[in-house]
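Architecture and fold: a report
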Amino acid sequence: MILQGLSAVLQPMTILLVAIGVAVGIIFGAIPGLTATMAIVMFLPVTYSMTSAQGISMLMALYIGGISGGLISAILLNIPGTPSSVATCFDGKPMANKGEAGKALGTGVVFSFIGTVIGIGLLMVLAPVLCDFALKFQAYEYCALAVFSLSMVIALTGRDMPKGLISAVIGALLATVGLAPVDSKPRFTFGTYQLNNGFALLVLLIGLFAISEVMAYAESVRKNQGYTIETNYKIRGAGFSIKEGLAQTKNAIVSALIGVGIGILPGIGGGVSCMIAYTVSKNTSKHRELYGTGIMDGVVASETANNATIGGAMIPLLSLGIPGDAATAMLLGGLQIHNVAPGPLIYQKSGEVVYAIFFAMVLSAIFMLIFMLFGMRFFVSVLKIPKNFLLPVIVVLCGIGAIGNANNLFDTYSMVAFGLMSYLLIKSKIPTVPMILGFILGPTFETNLRRVSQLASSDPFYRHPIFCVLIVATVLVVIFSTRANLKDARRAQEEELAEMEKMKAAGSDGE
Amino acid sequence: MKKFFALLLAVVMVLSLTACGGSGKTETAPAAETAPAAETAQASGTAETAEAEAWKPTKTINIYMTHGAGGDTDYMGRKLAEALEKVLGVSVVVTNVTGSNGATCMQQYKDGDTDGYTLIATNTAALTGNEATGMVDFGYTAFEPVAVYGMQSGENIVVPANSPYNTLDDLIEASKANPGTIRYGISTGGGVYIQACVLTNIGGAQFNIVDVGDGAARLNALLGDSVDATSLPYSTAAQYIEAGQLKSLCTCLSKAPDLLPDQRAASETIPELVIDTEYVVLAPKGTPANIVKALNDAILEATSTEEWKQMVNDYCLQNPFVLNVEDTIANLKEQRDLFQSFVPFL
Amino acid sequence: MSNKQYKLDIIPGIVLSLFAAFYLLQVPKIVEFKGLGSTPLTNRFVPYLWGGALLLLSLWILVRGIIRRKKYLAEGGRADKNSFAEAVSDKREVIASFISLTIYVALMGSVGFVIMTLIYVFVQILILTPRENWKKTYLPALITAAAAAGILFYVFRYLLNVLLPVGVLSVFGL
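Here, residues in each chain are numbered from 1, in the same order as that chain's written sequence. Think of it this way: whatever chain is written first is A, whatever ligand is written first is 1, and the rest follow in order. Reporting in this predicted model follows two pLDDT cut-offs: at least 70 for local features of residues, and 80 or more for side-chain atom pairs to be given and counted; totals over whole chains, interfaces and linings ignore these cut-offs and use all residues. Values shown for side chains rest on all heavy atoms present in the structure; no hydrogens or waters enter the calculation.

Overview of the overall build of chain B
We apply this condition: Only runs of H or I of at least four residues qualify as helices and only runs of E of at least two qualify as strands under DSSP, and these elements are numbered from the N terminus. Buried, partly exposed and exposed residues are distinguished by accessible area as a fraction of the type maximum, computed with a 1.4 Å probe on protein chains only: under 20%, between the cut-offs, and over 50%, respectively. Any pair of residues with heavy atoms lying within 4.5 Å of one another is described as a contacting pair. Method for areas: the Shrake-Rupley scheme with a 1.4 Å probe, in which residue coverage is limited to the protein chains shown.
Of regular secondary structure, chain B possesses 12 helices and 10 strands. The burial tally for chain B puts 55% of its 346 residues in the buried class. Contacts spanning at least 24 positions in sequence make up 78% of the contacts within chain B whose residues lie at least 6 apart. Accessible area for chain B stands at about 13,500 Å²; split by element, carbon and sulfur atoms hold 54% of it.

This is the structure in structure tokens:
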């Protein structure tokens, strides 16, 4: 069966389709506004007419390529190519600004590969065990998990806690627009049916990152070269030394486990996994103050986690037939159309297809590594394109992405509105990243809270140990991160005071 | 500075000029073209059928799909488009316009171009269900129905294999004995919700109704012991039934699927509990009858092949089920009347 | 400390409090679900929760801003009065970018993707270019705009089947 799977993938035609899939995926992932999910949506109908091994291999290739490609624009442009690479911007862009674009890309690519491989490994070996674990997560557990993940916002906000919380709450507020979870009653739609669908995460991301990046550049037009253009793009090997890579072992393993863990829980997805892995990596690091200034650790955490999420998400998909996010929902459709029914009998009934999927994933990961490592030399040349030409085209691509998301022009209006909102928030020194967590987790929280309220009468909370553990953990996280934030704020205040003293001294000299 | 604003102003003016010119044109042009066409078509449609049947498409037909890629509605629509291309000799392009259980797409295209090149593909549960639950204020009468072209393998009421209940009656009786203790998983607002309402209000069941979400989520909840019974699409549940993890109590179709004839139907217990989800193609309101007829003929022809039968057998576990225009409308009316009769307690 | 920082607390504090109040006032308009499986925790509960949280948090920074302002003024700082016109002029590229972007998406449906993209990319490139370089930018900007409009329309509309609006070009049967 394993050999059958292997031989199904090792056909010249299948290999070619995987290569094309990875390449297309990387392009979709790398272009802001186009995502891995969209690549799968657009190519799924194409695979209807292929054999099952070919079709499924190509979809896997698109998925892995798409999630990996997002790091390119996150690092080079500070605009995440897909929701999964949001946290890659935090340290990737500062690295690029320091002239380490090559190193950042190399780190991202190699650790994306490592994350993918760890995810696939766990998928192949531990799928049944992890499935049982995933099934323990029901309304109660999800509700607590959402609260727990939202408490991470406090750790993400840094010194100005109220503003970070405001950002997260605005995200959650925006997510309440549209049909309410559970009962599908319209909320805050003001009678416009287009608002019934609410806002798409993609559109919010475009507003928060792409549009605000254009505006940041617009501000610098007259302030000669607000953006220093790095001219040194020499990349040797993967851009970083073996020693530097090995130093990240623990970070990578922890992040990969977080990624797989979030992947197997349906409905959360790569956007959250990269941010949580980043936060955990930061808070457990010996040099947490360096995060955000451009260190490898941040890129490693984010990219390992988001790629490990792929393997994680495949576990409930294959063994239970339960998709974890929009991309895997599409893959589920793709499998069913090829008469492969994911579920407990998948190994008995379509064992060769399962192994074909595993090999296709490994093959895609290898192609991804090769394409991206060789491509890096070309990707960095994006930095050579003058920003005043590049950014308008990116805005257009984002607009296409917003339209293509549900084939609806309305989303472009939301895109502009979010751009304006994000600009004003940044001007008010309100961080925009917590908003993404609020936006994703707010509905998870609400949906499951309301389900809990339905269940409570016949299924009380003390029957749910995971729920209790998570709630206790949330309380602890809140206490500890608040303390850490206060410490940071005090230190910052002292530094500021010292600086002011210095300035005053210098000022009185000058005058 | 001043020059800058002057330039900006100029650009804005140019833009708005083109816009005015543009929108003016787009608004008038199609109206001018379609109005007489519609008139003549209606005239000829009623007067001489011979001429009416001569309608043949000459350019690309766009089918707007109400549900996302990967689902059954999308798959059936794309298969139909593929088959139609062979019959009609023009390309048939399927585009997904998703959201709100298909309501977004239907709202957007119900008043679309009536030249026969704009069609909507959906399923009847979304079409009549959204109207019954009050999500939208229009039903099939807001369209010109073209054809019902397939029947889903249906939803089944399922319980874990070790559950003491073997029939729907068992389940309902047990719920009456201990009201509010049997957790029944639904997705509020959809066909499953309607089904749960019928179970409760007509069947007299007294479940603890719990919202769980879509088919995959309901499966997850049932396997994870978060609900005691739920309704699942047969395609989702099939493997678990075969593996001996789940037990099907009955199908909610009016009769068991053609390829699985041995199942009990829910209507044997509660006559009103019938949810026949069919795949249907609609045209925007006002599309001339001759065009609708021609399209229906093309669909009938496209689905009469052995290949189509094979595909439907494999995918839906049903035999091909394709209706002509009159039967399509009658079928939709029957389903709407049934769903509307549930409205008081939805 | 925090010279003029207080402004970044007061203005957002006011705006967001007003927004939160507006949001909270909208909540009672939501139709509550009374059907099967409804519980006392309705679809209004979480909006009240978020709206209330936002109101409290924005009042927090508002109060913090007022305290900071008092402190600043007490320390002998002057409340500076930046003229509005000056602020607008300082941000003219940003404002122009937002205006052109708004016009771009507003007219895309009626005028069409190709024409609007052509105009928008051209204008936006100029906005992002220092005035003194405009002369040598016209041609490259026009080429970029035309290429972006044409290639992207073809690829996404015809190869990837995205519903980019055709607009006025529909007369050419595109």
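Some details on empty space enclosed by the protein
All names here are of chain A. Defined as follows: Cavity means a closed set of points on a 1 Å grid over the protein atoms alone, one where a 1.4 Å probe fits but cannot get out, pocket means an open set with protein on both sides within 12 Å along at least 5 of 7 lines, and lining means a residue has an atom within 4 Å of a point. Grid points are joined across faces, edges and corners, and a volume is the space filled by probe spheres set on the points. Three classes are used: nonpolar for Ala, Val, Leu, Ile, Met, Phe, Trp, Tyr, Cys and Pro, charged for Asp, Glu, Lys and Arg, and polar for all others, with Gly counted as polar.
One pass over the full model with this rule turns up 5 cavities of 30 Å³ or more. Estimates place the volume of the second largest cavity at around 60 Å³. Forming the boundary of the second largest cavity are Pro 32, Gly 33, Ile 79, Pro 80, Gly 81, Thr 82, Pro 83, Leu 202, Leu 205, Ile 206 and Phe 209. Of the residues assigned to the lining of the second largest cavity, the class counts are 8 nonpolar, 3 polar and no charged.

What about the state of the cysteines?
Here is the rule: Cysteine sulfur atoms are paired as a disulfide whenever they come within 2.5 Å of each other.
Here the structure, examined in full by the defined rule, presents 0 disulfides over all chains. No disulfide involves Cys 316 of chain B; its nearest neighbouring cysteine sulfur is the one of Cys 252 of chain B, lying 17 Å away.

Focus: the interface of chain A and chain C
The condition is simple: By convention, the term buried area covers the 1.4 Å-probe accessible surface removed from two parts as they join, with the contributions of both added. Any carboxyl oxygen of Asp or Glu that lies within 4 Å of a side-chain nitrogen of Lys or Arg is treated as forming a salt bridge with it. As used in this structure description, the phrase polar contact means that two N or O atoms lie within 3.5 Å; if the pair is within protein, one of them must be able to donate a hydrogen and the other to accept it, and residues adjacent in sequence are counted only when both atoms belong to side chains.
The partner chain C presents 71 residues to the 66 residues of chain A that form the contact. Per-residue buried area on chain A facing chain C is highest for Leu 173, Arg 222 and Phe 389 of chain A; these three make up 11% of the total on that side. The tally of links from chain A across to chain C stands at 4 salt bridges. The salt bridge partner of Asp 9 of chain C is Lys 163 of chain A, with a shortest N-O separation of 3.1 Å. Across the contact surface, chain A and chain C share 13 residue pairs in polar contact (both at pLDDT 80 or more). Breaking the side of chain A that touches chain C down by element, the ones donating at least two residues are helix H3 (36-47), helix H8 (161-175), strand E2 (186-187), helix H9 (201-219), helix H16 (387-406), helix H17 (410-427), helix H18 (433-455) and helix H19 (465-510) of chain A. Here the element with the most residues in the side of chain A that touches chain C is H16 of chain A; it accounts for 11 residues.

Regarding the sheet that holds strand E1 (residues 61-65) of chain B
Residue and element names in this part refer to chain B. Which entries qualify depends on this criterion: Two strands make a pair as long as DSSP finds a minimum of two bridges between them. Angles run from 0 to 180 degrees between N-to-C directions of axes, and those axes are lines fitted to C-alpha atoms, restricted for helices to the stretch in contact.
Taken in spatial order, the 5 strands make up an open sheet running E2-E1-E3-E10-E4, and their pairing is mixed. Every interior strand has two partners, whereas the edge strands, strand E2 (92-96) and strand E4 (143-151), have only one. The mean angle between the axes of side-by-side strands here comes to 25°, regardless of whether they run parallel or antiparallel. Relative to strand E10 (residues 278-284), strand E3 (residues 118-123) runs antiparallel, the two sharing 4 bridges. Paired with Ile 120 across the bridge in E10 is Leu 282. In the packing of helix H12 (residues 325-342) onto the sheet, the strands contacted are E4 and E10, and the crossing angle to E4 comes to about 85°.

Quick notes on the packing of H16 of chain A against helix H5 (residues 113-127) of chain C
Going by this rule: Orientation categories follow fixed angle ranges, with anything under 35 degrees roughly parallel, anything over 145 roughly antiparallel, 65 to 115 roughly perpendicular, and all other angles oblique. The handedness criterion is simple: a crossing whose near helix is rotated anticlockwise from the far helix by less than a right angle is left-handed, and one whose near helix is rotated clockwise is right-handed.
Relative to each other, H16 of chain A and H5 of chain C sit at 150°, their axes nearing to 8 Å. Here H16 of chain A lies roughly antiparallel to H5 of chain C, going by the angle between them. Crossing of H16 of chain A against H5 of chain C: the hand is right-handed. Packed against H16 of chain A, whose contacting residues are Asn 388, Phe 389, Pro 392, Val 393, Val 395, Val 396 and Ile 400 of chain A, the element H5 of chain C presents Phe 113, Thr 117, Tyr 120, Val 121, Gln 124 and Ile 125 of chain C at the interface. Within the contact of H16 of chain A with H5 of chain C, the residues separate by chemical class into 10 nonpolar, 3 polar and no charged.

Description of the domain arrangement of chain B
Residues and elements named next belong to chain B. Applied cut-off: As used throughout, domain bounds are those supplied by an automatic or database domain assignment.
If you check the domain split of chain B, you get domain 1 (58-152 + 276-345) and domain 2 (162-268). Placing the centre of domain 1 and that of domain 2 at their C-alpha centroids yields a distance of 27 Å. In this complex, domain 1 contributes 13 residues to the contact, which on the side of domain 2 involves 13 residues. Approximately 1,200 Å² of surface area, both sides summed, lies buried where domain 1 meets domain 2, with 67% of it carried by carbon and sulfur atoms. Per-residue buried area on domain 1 facing domain 2 is highest for Asp 276, Leu 317 and Phe 345; these three make up 47% of the total on that side. Connecting domain 1 to domain 2 are 0 salt bridges. Applying the counting criterion to the domain 1 and domain 2 interface returns 4 residue pairs in polar contact (both at pLDDT 80 or more). Of the residues contributing to the side of domain 1 that touches domain 2, the split by class is 5 nonpolar, 7 polar and 1 charged.

A look at unusual backbone geometry
In this structure, Phe 188 of chain A is a non-glycine residue whose phi angle is positive, near 50°. If you trace the backbone, Phe 188 of chain A turns up in the loop between E2 and H9. Its relative accessible area of 10% is what places Phe 188 of chain A among the buried residues. In the Ramachandran plot, Asp 225 of chain B falls in the positive-phi region, its phi being about 60° despite a non-glycine side chain. Locating Asp 225 of chain B in the fold gives a position in the loop between helix H8 (215-223) and strand E8 (229-233).

A word on the interface of chain A and chain B
Taken residue by residue, the interface counts 41 residues in chain A and 40 residues in chain B. Across the chain A/chain B interface, buried area totals approximately 3,500 Å², and carbon plus sulfur atoms make up 51% of it. Of all residues in chain A, the largest losses of buried area upon contact with chain B belong to Tyr 48, Gln 138 and Tyr 193 of chain A, amounting jointly to 16% of the total for that side. Counting across the chain A and chain B interface gives 2 salt bridges. We note a salt bridge from Asp 459 of chain A to Arg 183 of chain B, for which the minimum N-O separation is 3.0 Å. Across the chain A-chain B interface, the total number found is 12 residue pairs in polar contact (both at pLDDT 80 or more).

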